[in-house]
Amino acid sequence: RRLFDAGATTALHYAEVIRRPGDYSAYSIRTPWQIPSYQSTHIRQLRELAAMTGDARFETLAEQFEDDLEAAEARG
């Protein structure tokens, strides 16, 4: 349980690091490329973590990533 909690805490921290408000998120911290098709993967992963942990911050981030996706797609 401690390891899972530590991993979830780390994921929460780095989700905020890779987020690019109004744009596609970075693929990862080591791979800062923005891969438009991967944005939905980040959203899905955040929602899964919200369900697994009960931590609403993951759902909030998923919603922010969704808003970012819509903004990036609107720009073309």
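Caption draft 1: Local environment of the packing of aromatic side chains. Scanning the model with the defined rule gives one aromatic pair in all. Measuring from centroid to centroid gives 4.7 Å for Tyr27 and Tyr38, while their planes differ by 50 degrees, and the two rings are tilted. Here Tyr27 is found in the loop between helix 1 (2-18) and helix 2 (39-53), whereas its partner Tyr38 is found in the loop between helix 1 and helix 2, with eleven residues between them in sequence. Overall, the relative accessible area of 35% leaves Tyr27 in the partly exposed class.

Caption draft 2: Spotlight on helix 3 (residues 56-75). With 20 residues, helix 3 extends 29 Å from end C-alpha to end C-alpha; this agrees with the ideal 28 Å at 1.5 Å per step. Along helix 3, the positions that sit buried rather than exposed are Phe58, Leu61, Ala62, Phe65, Asp68, Leu69 and Ala72. Take helix 3 and look down its axis: the buried residues cluster within an arc of 120 degrees, on one side only. Residues Ala56, Glu70 and Ala74 are exposed on helix 3 and point more than 90 degrees away from its buried face. Among the residues trailing helix 3, Gly76 stands out with phi positive, at a value near 90 degrees.

Caption draft 3: Region of the structure containing the pattern of salt bridges. Inspection of every chain in the model, using the stated rule, returns six salt bridges. Residues Arg19 and Asp68 are paired through a salt bridge, measuring 2.6 Å at the closest nitrogen-oxygen approach. One end of the pair, Arg19, is in the loop between helix 1 and helix 2; the other, Asp68, is in helix 3, and 49 residues separate them in sequence. By relative accessible area, which is 21% here, Arg19 ends up partly exposed. Of the charged contacts, one joins Arg47 and Glu59 as a salt bridge, the two residues approaching to 2.8 Å between their closest N and O atoms. Residue Arg47 is located in helix 2, and its partner Glu59 is located in helix 3; the two are separated by twelve residues in the primary sequence. Overall, the relative accessible area of 28% leaves Arg47 in the partly exposed class. A single salt-bridge network, built from bridges that share partners, covers Arg47, Glu59 and Glu66.

Caption draft 4: Looking closely at the side chain of Asp68. You can call Asp68 buried: its relative accessible area is 3%. Here the side chain of Asp68 touches Gly22 through a polar contact of 2.9 Å, landing on its backbone nitrogen. Not counting chain neighbours up to four residues away, the residues in contact with Asp68 comprise Arg19, Arg20, Pro21, Gly22, Asp23 and Gln39.

Reading the values: the criteria
Residues numbered from 1 in each chain as written. Predicted model: local features only at pLDDT ≥ 70, side-chain atom pairs only at ≥ 80, totals over all residues. Heavy atoms only, no water. Phe/Tyr/Trp six-rings, centres within 6.5 Å; stacked < 30°, edge-to-face > 60°. Helix = DSSP H or I, 4+ residues; strand = E, 2+ residues; numbered from the N terminus. Buried < 20%, exposed > 50% of the residue type's maximum accessible area, 1.4 Å probe, protein only. Expected span 1.5 Å × (residues − 1). Arc of directions from axis to C-beta. Salt bridge = Lys/Arg side-chain N within 4 Å of Asp/Glu carboxyl O. Polar contact = N/O pair within 3.5 Å; in protein donor to acceptor, adjacent residues only side chain to side chain. Contact = heavy atoms within 4.5 Å.

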